[in-house]
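Structural overview for review
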Amino acid sequence: MKIPKKIESQAAKLRHTINEHNYYYYVVDDPRVPDSEYDLLLRELQDLEAKYPDLVTADSPSQRVGAPPLDAFAKIVHSVPMLSLNNAFNYQEAEDFAKDFANTEFFAELKFDGLAVSLRYEDGLLVSAATRGDGYSGEDVTANAKTIKTIPLKLRGENYPSVLEVRGEVFMPKAYFNKLNQKQAAKGEKIFANPRNAAAGSLRQLKSRVTAQRPLSFFSYAVGVVEGVELPQRHNDILKLLQQWGLPISQDSQLLTGIAGCLKYYESVLKQRQDLAFDIDGVVYKVNDLALQKELGYVSRAPRWAIAHKFPAQEAITQINDIDIQVGRTGALTPVARLNPVEVAGVTVTNATLHNQDEMKRKDVRIGDTVVISRAGDVIPAVMRVILEKRPKKTQEFIFPKQCPVCGSDVIRVAGEAVARCSGGFFCAAQRKQALKHFASRRAMDIDGLGDKLVEQLIDRDLVIKLVDLYRLTVEQLTSLERMGKKSAQNIIAALEKSKSTTLARFIYAIGIREVGESTANTLAQHFTIEALMAATKQELQNIPDIGPIVAQHIVKFFQQSDNINSIEELQTIGINWPKNSNTIINKSLAEEVFVLTGTLSQMTRTEAKTQLENLGAKVTNSVSKKTTCLVAGEKAGSKLTKAQTLGIKIINEADLINLLKSYE
Ligand code: IVH
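Figured I'd write up the structure that's included with this text. (Residues numbered from 1 in each chain as written. Predicted model: local features only at pLDDT ≥ 70, side-chain atom pairs only at ≥ 80, totals over all residues. Heavy atoms only, no water.)

Section: the nonpolar core
Counting residues in hydrophobic clusters, the biggest one holds 57 residues, and the most contacted among them are Phe-439, Ile-447, Leu-470, Leu-541 and Phe-559. With 35 residues, the next largest nonpolar core counts Phe-73, Leu-126, Phe-218 and Leu-241 among its residues. (Core = buried A, V, L, I, M, F, W, Y, C linked by side-chain atoms within 4.5 Å. Buried < 20%, exposed > 50% of the residue type's maximum accessible area, 1.4 Å probe, protein only.)

A closer look at the pattern of salt bridges
If charged atoms from side chains of opposite charge come close, those side chains can pair. Under the definition given, this model contains 28 salt bridges. Linking Glu-20 and Arg-156 is a salt bridge whose minimum nitrogen-to-oxygen distance equals 2.8 Å. Highlighted residues: Glu-20 in helix α1 (residues 5–27) and Arg-156 in the loop between α4 (142–145) and β7 (163–171), separated in sequence by 136 residues. By relative accessible area, Arg-156 is classed as buried at 17%. Residues Arg-391 and Asp-369 are paired through a salt bridge, measuring 2.8 Å at the closest nitrogen-oxygen approach. One end of the pair, Arg-391, is in the loop between β18 (382–386) and β19 (411–412); the other, Asp-369, is in the loop between α11 (357–363) and β17 (370–374), and 22 residues separate them in sequence. Connected through salt bridges with shared partners, the residues Glu-105, Arg-234, Asp-237 and Lys-240 form a single ionic network. (Salt bridge = Lys/Arg side-chain N within 4 Å of Asp/Glu carboxyl O. Helix = DSSP H or I, 4+ residues; strand = E, 2+ residues; numbered from the N terminus.)

Comments concerning the packing of aromatic side chains
Under the defined criterion, the tally for this structure stands at 16 aromatic pairs. Ring centres 5.0 Å apart and planes at 50 degrees place the aromatic pair Phe-171 and Phe-278 in the tilted group. Residue Phe-171 is located in strand β7, and its partner Phe-278 is located in the loop between α9 (258–272) and β10 (280–287); the two are separated by 107 residues in the primary sequence. Taken individually, Phe-171 and Phe-278 each receive the classification buried, so the pair is uniform in this respect. Seen in terms of ring centroids, Phe-398 and Phe-400 are 6.4 Å apart; in terms of plane orientation they differ by 90 degrees. Their pairing is edge-to-face. When sorted by exposure, Phe-398 lands in the same class as Phe-400, which is buried. Taking NZ or CZ as reference, Arg-156 lies 3.7 Å from the ring centre of Tyr-23, over its face. (Phe/Tyr/Trp six-rings, centres within 6.5 Å; stacked < 30°, edge-to-face > 60°. Lys NZ or Arg CZ within 6 Å of the ring centre and 35° of its normal.)

Regarding the site of the ligand
Neighbouring the ligand are 13 residues; Glu-109, Leu-110, Glu-169, Tyr-221 and Lys-286 lie closest to it. With respect to the ligand, the side chain of Lys-286 contributes an N or O atom lying 2.9 Å from a nitrogen atom. Mapped onto the shell around the ligand, the elements with two or more residues apiece are β3 (105–112) and β10. In terms of residues, the shell around the ligand owes the most to one element, β3, which gives four residues. Grouping the amino acids of the shell around the ligand by side-chain chemistry returns seven nonpolar, one polar and five charged. (Near = heavy atom within 4 Å. Polar contact = N/O pair within 3.5 Å; in protein donor to acceptor, adjacent residues only side chain to side chain. Nonpolar A, V, L, I, M, F, W, Y, C, P; charged D, E, K, R; others polar.)

Remarks on the sheet that holds strand β13 (residues 306–310)
Reading across the sheet, the five strands line up as β2-β13-β10-β3-β9 and stay open at both edges, with mixed pairing between neighbours. Of all strands in the sheet, those with a lone pairing partner are β2 (87–88) and β9 (254–257), marking the two edges. In this structure, β2 lies alongside β13, joined through two bridges in parallel fashion. Bridged to Ala-88 within β13 is His-309. Where helix α3 (residues 91–98) meets the sheet, it contacts β2, β3, β10 and β13, and its direction lies at approximately 170 degrees from that of β13. (Pairing = 2+ DSSP bridges. Contact = heavy atoms within 4.5 Å. Axes fitted to C-alpha atoms, helices over the stretch in contact; angles between N-to-C directions.)

A look at the pairing of strand β23 (residues 630–633)
Of the two faces of β23, the one holding Cys-630 and Val-632 and the one holding Leu-631 and Ala-633 are both buried throughout. Alignment of strand β21 (residues 594–598) against β23, held across four bridges, turns out to be parallel. From the neighbouring strand, Leu-597 faces β23, where its bridge partner is Val-632. With helix α23 (residues 639–647) bridging β23 and the parallel strand β24 (residues 650–652), this β-α-β connection has right-handed handedness. (Right-handed = clockwise from strand over helix to strand, strands pointing away.)

Some points on the sheet that holds strand β5 (residues 125–131)
Pairing in this open sheet of four strands is antiparallel, and the strands run β5-β4-β7-β8 from one edge to the other. Since the sheet does not close on itself, it has two edges, and those belong to β5 and β8 (217–227), each with one partner. For this sheet the average axis-to-axis angle between neighbouring strands, irrespective of direction, equals 25 degrees. Here eight bridges tie strand β4 (residues 115–122) to β7, and the two strands are oriented antiparallel to one another. The residue bridging Val-117 from the neighbouring strand is Gly-168, located in β7.

Side note on the packing of helix α12 (residues 429–440) against helix α13 (residues 452–460)
At a closest axis distance of 9 Å, the pairing of α12 and α13 adopts a crossing angle of 140 degrees. In this view, α12 runs oblique relative to α13, as classed from their interaxial angle. The element α12 and its partner α13 pack so that their crossing is right-handed. Taken together, the residues of α13 that come into contact with α12 (itself represented by Ala-429, Arg-432, Lys-433, Leu-436 and Lys-437) are Asp-452, Val-455, Glu-456, Ile-459 and Asp-460. (Parallel < 35°, antiparallel > 145°, perpendicular 65-115°, else oblique. Left-handed = near helix turned anticlockwise from the far one by under 90°.)

Okay, here's the thing in structure tokens:
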């Protein structure tokens, strides 16, 4: 079909605009349009391309969804080899490296724990992407790399080289890694050992549609072949240029002098390691001056001008003393290995998850085995594999129970699911304990002082059978418990009383419907009253954005159980209440909250918002980390929003913020 000129230029304009928005969103961290507007532009382009398939160009942002599957990867020969780095495993080795560089300027970078790729741009267009392979040739993963949103399909600006090879690392943020593994475990599919494996498995996929569903990211750290442009003579300036051409670079690098500066950098990064959104396995020091780099050259396959200063490994070897079953809030039975205590990256680990029955079988784990455990990706430590050579003669196989070890109810495993569950529901003390802990937690009903130890006693002594029993506790009953004075007991009664005034979103979150986390609870509270929610059909629920069939099914099932309906009614009767228009989870005290403000606010300036929040006792910081408890996302919020989503942090908009502030007036 002949494409009208007007349509052609309309598509070109759309491609350009969308690519520009991608750059501001992913690379410079300063989005120019709200997401909704971006989506409209992309939709417009997709519609045009659907009508005129010849319009589709290699750099069209619509091409990020994935190409047809391949039978095998083609090979790509690297025109400049992709070398590796020498490692320093301790301070001494780092100092040895730097002893000849007294006042040398270094550029210190994070050592990303993903996989190295080389991207080749010709006349500004991404023409190929290759894995490192053996350093001389790698696999052609072009279709897959195109699905990674932070990799530009087209370079920005005009002054880019005619040929540019960019080297960098593809990685998977920790939060996505954890979610991916949870999904894999539930489906009974392969569990990834760490984010690096997950990234490699996702990029080296013959089906790029699978890659497209795996949230990978990319940082550039070097160049290969460059033609047509004279590059600056300092490494950090080259990276700056890459950023201008649209390539993402890490903001955590630092220009510094001599080994003392390097070691300080090492220490400060090591402290932040757990708070980073992605895994790193060390830092890299690079001589910044290219002339000096050239002079120093290479020895075997690594440069003399750089070194990787490695962090402690996130894996360790230890023995399994026993295997227990833990029963979770929703009855899920998780096998847990009790270990000979072992230190992993600065933390003593005594327990590690074995995920589920199938995983345990697949790994052939037995009591008495020597195993590799890992806390990569910040997850609960997990057993990775058995070291069979070290298996003692007498190992004990673990028999997965048919009855719940806590309440004796039958264990049920639904066909197609990997998780075995106790069928006891609230009858099961383990489930009751977890449900009660969740109900009382800070982000749910926020019952001050009702900690895990107390919950356990309340359940063990049958003082609380149903949720409502909590609100019937007396000072006398509480003082009969271990380590509970009269004053503490009175405080708990007061905290229970105080918790009765809440928000609908908190309440929905607190009652513990499967798969309904804070953000889903928020969404539900915005669309339903509690009565309407209890009566909602699966279809009505699915009509709400972000509610998929599985969550909808769990909600319907929850309210089909008369015990749950009764429990909610009893809680309301005893006085739990929320303002009619309260639809976000808000804290009654902001003292423990850590806010980050991002994007543009229209009703107030960010400084005003900051002052008001601080006046209420909250902390307001600039960057999103695991410590952040709430992100206020104004218009055009960008990478901070993405990061908060990645970390599963509560996100509110300006209207929510105003409501929150008003509730304190
Ligand atoms: S520079 C000639 N910088 O580490 C040196 N590498 O052992 C080229 N890596 O395969 C590499 N972060 O996958 C460099 N900031 C960084 C890095 C980095 C991670 C990886 C890369 C490479 C390996 C080298």
